[in-house]
Amino acid sequence: MLQEKLYDYLLHLGDNSMILGQRLGELCGHGPELETDIALTNISLDLFGQVRNYFQAAAEIKGEGATEDSTAMLRYENEYRNTYLVEQPNTDFAHVIVRQFFFDVYHQLVLRELQSSKNDTLVAIANKSIKEVDYHVEFSSTWMKRLGDGTDESHSKMQEAVNTLWRYSMELFKPTDTELWAAETGVGPDLEKLKSAYLETVKEVLAEANLTIHEDTVFQYGAKTGMHSENMGFILAEFQYMQRAYPNMKW
Amino acid sequence: MNQEWPIWEIFIRSKNGLEHRHCGSLHAADAEMAIQNARDVYTRRQEGVSIWVVESKEITASNPAKNGEMFEPAADKVYRHPTFYELPDEIKHM
């Protein structure tokens, strides 16, 4: 029972990084500038590195011949535990940066808490990942300010991206049964308690970036329990194609 | 109006290196972005522990057309190299 909960919790952590990593990977060769292209795919690789660690641990719990690859590739859509935010499309560079920023601030808060988790594997993963994510926050925050407080055009594109994506932010902090279990057992953070620190950082950067969030936003919840948006099927179709078409194929 | 980001020259100091060495150039809108881009482009395989960036236009370079008068006069002045001393055998590492 405990192991089942831990398995599901590892999916919660891994799936967010994996789906965001996949979204960033889609930009490989399509970044707005060569340097930005490399930066975004570097972040993608950081995230996939973290996913491997989470899923190696998950596969060990599952047994039955499960591997990190089968954990990543061979689940059905409703078995993925990522949030709505990370599955949102690369509409334009503003959406890419705002999505990244909203996630990075959350990610950093969670990893800091995981550094004192009661689970040693999670402590080790968090200690390795936190430096990567500290840089992600720095990268996305500076881009938030540069574009939000840039030209009229960059400002309006950024404001539009904030308007579109903010509604997915609070799902990050609404715990599922598994995340409640993690908080109660000291395996993971109490998400509700991280919300105020999140809002403080986000609002500080948005203020500097001359961007605003609508106070009457209606937030969207449900992806973490498997009710994904229409984007998810397309992501998985591309992501899983090879393994579904050629089962057990190896690189 | 020129919409391209300006070019920056990147200098990296490696872990065991004493000095920053020029390793290439890249595009960036400002110095902060140049540092971040340099980190992602030039240090992703652990090449460095310190980065300097200088906007290319800030560098004054010698004129290649004047290479003759600049550098060739040094060519026949071998006596400027300390190669005419006889070294005692005990000195190994010169």
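Given the structure is predicted, the values throughout are model-derived calculations rather than measurements.

Each value, and the rule that gives it
Residues numbered from 1 in each chain as written. Chains lettered and ligands numbered in written order. Predicted model: local features only at pLDDT ≥ 70, side-chain atom pairs only at ≥ 80, totals over all residues. Heavy atoms only, no water. Contact = heavy atoms within 4.5 Å. Buried area = accessible area lost by both parts, 1.4 Å probe. Salt bridge = Lys/Arg side-chain N within 4 Å of Asp/Glu carboxyl O. Polar contact = N/O pair within 3.5 Å; in protein donor to acceptor, adjacent residues only side chain to side chain. Helix = DSSP H or I, 4+ residues; strand = E, 2+ residues; numbered from the N terminus. Pairing = 2+ DSSP bridges. Axes fitted to C-alpha atoms, helices over the stretch in contact; angles between N-to-C directions. Patch = residues over 30% accessible without salt bridge, like charges linked within 9 Å, V, L, I, M, F, W, Y side chains within 5 Å. Areas by Shrake-Rupley, 256 points an atom, 1.4 Å probe, with all protein chains shown as cover. Buried < 20%, exposed > 50% of the residue type's maximum accessible area, 1.4 Å probe, protein only. Core = buried A, V, L, I, M, F, W, Y, C linked by side-chain atoms within 4.5 Å.

**Quick word on the interface of chain A and chain B**
Point 1. The interface is formed by 13 residues belonging to chain A together with 12 residues belonging to chain B.
Point 2. Each partner contributes to the roughly 1,300 Å² buried at the junction of chain A and chain B, and carbon and sulfur atoms together form 49% of this total.
Point 3. Contact with chain B buries surface across chain A, with E35(A), Y135(A) and R146(A) losing the most and accounting together for 46% of the total.
Point 4. For the salt bridge of R146(A) with D30(B), the shortest nitrogen-to-oxygen distance reads 3.3 Å.
Point 5. Put simply, chain A and chain B have 7 residue pairs in polar contact (both at pLDDT 80 or more) between them.
Point 6. Elements represented by at least two residues in the side of chain A that touches chain B include exactly helix 2 (34-62) and helix 6 (120-148) of chain A.

**Here we look at the sheet that holds strand 2 (residues 21-27) of chain B**
Residues and elements named next belong to chain B.
Point 1. Across the sheet, which stays open at both edges, the 3 strands sit in the order 2-1-3 with antiparallel pairing between neighbours. Each edge of the sheet is formed by a strand with only one pairing partner; in this case those strands are strand 2 and strand 3 (50-55). Geometrically, the sheet is characterised by an average inter-axis angle of 30° between neighbouring strands, direction not taken into account.
Point 2. Bridge count for strand 1 (residues 7-13) against strand 3 is 6 bridges, and the pairing is antiparallel. When the sheet's bridge partners are listed, E9 is paired in strand 3 with V54.

**Digging into a nonpolar patch on the surface**
Residues and elements named next belong to chain A.
Point 1. A grouping of Y241, M242, Y246 and M249 is seen on the molecular surface, where their side chains present a nonpolar patch of about 420 Å² in accessible area.
Point 2. Relative to the helices and strands, Y241 is located in helix 10 (residues 231-245).
Point 3. Given the relative accessible area of 48%, Y241 is considered partly exposed.

**A look at the environment of E153(A)**
Point 1. Relative to the helices and strands, E153(A) resides in helix 7 (residues 152-165).
Point 2. Expressed as a C-alpha distance, the spacing of E153(A) and T164(A), which sit 11 residues apart in the sequence, is 17 Å.

**A few points about the side chain of H20(B)**
All names here are of chain B.
Point 1. Within the secondary structure, H20 is located in the loop between strand 1 and strand 2.
Point 2. Taking the relative accessible area as the measure of exposure, H20 reaches 15% and is therefore buried.
Point 3. Among the polar contacts made by the side chain of H20, one reaches the side chain of S50 at a distance of 2.7 Å.
Point 4. A distance of 3.3 Å separates a polar atom in the side chain of H20 from a polar atom in the side chain of W52.
Point 5. Aside from chain neighbours lying at most four places away, what touches H20 is F11, I12, R13, S50, I51 and W52.

**What about the environment of R44(B)?**
Point 1. Position of R44(B) relative to the elements: it lies in the loop between helix 1 (31-42) and strand 3.
Point 2. For R44(B), a relative accessible area of 37% puts it in the partly exposed group.
Point 3. Apart from residues lying up to four places away in sequence, R44(B) is in contact with I38(A), N42(A), L45(A) and R39(B).
Point 4. Polar side-chain contacts of R44(B) include one of 2.9 Å to the side chain of N42(A).

**Overview of the pattern of salt bridges**
All names here are of chain A.
Point 1. In this structure the tally under the stated criterion is 14 salt bridges over all chains.
Point 2. For D15, the salt bridge goes to R75, with nearest N and O atoms at 2.8 Å. Taken together, the residues span a long stretch of sequence, with D15 in helix 1 (residues 2-25) and R75 in the loop between helix 3 (68-73) and helix 4 (84-87) at a distance of 60 residues.
Point 3. Of the charged contacts, one joins E26 and R23 as a salt bridge, the two residues approaching to 3.0 Å between their closest N and O atoms.
Point 4. According to the relative accessible area criterion, R23 is buried, its value standing at 8%.

**Let's talk about the nonpolar core**
All names here are of chain A.
Point 1. Grouped together as the largest cluster of nonpolar side chains are 85 residues, with contacts concentrated most on Y54, F102, L114, M144 and Y198.
Point 2. Top element by residues in this core is helix 5 (residues 93-114). It accounts for 14 residues.
Point 3. Non-local contacts of M144, meaning those with residues more than four positions away in its chain, are made with I97, V98, F101, D149, M158, V205, L206, A209 and L211.

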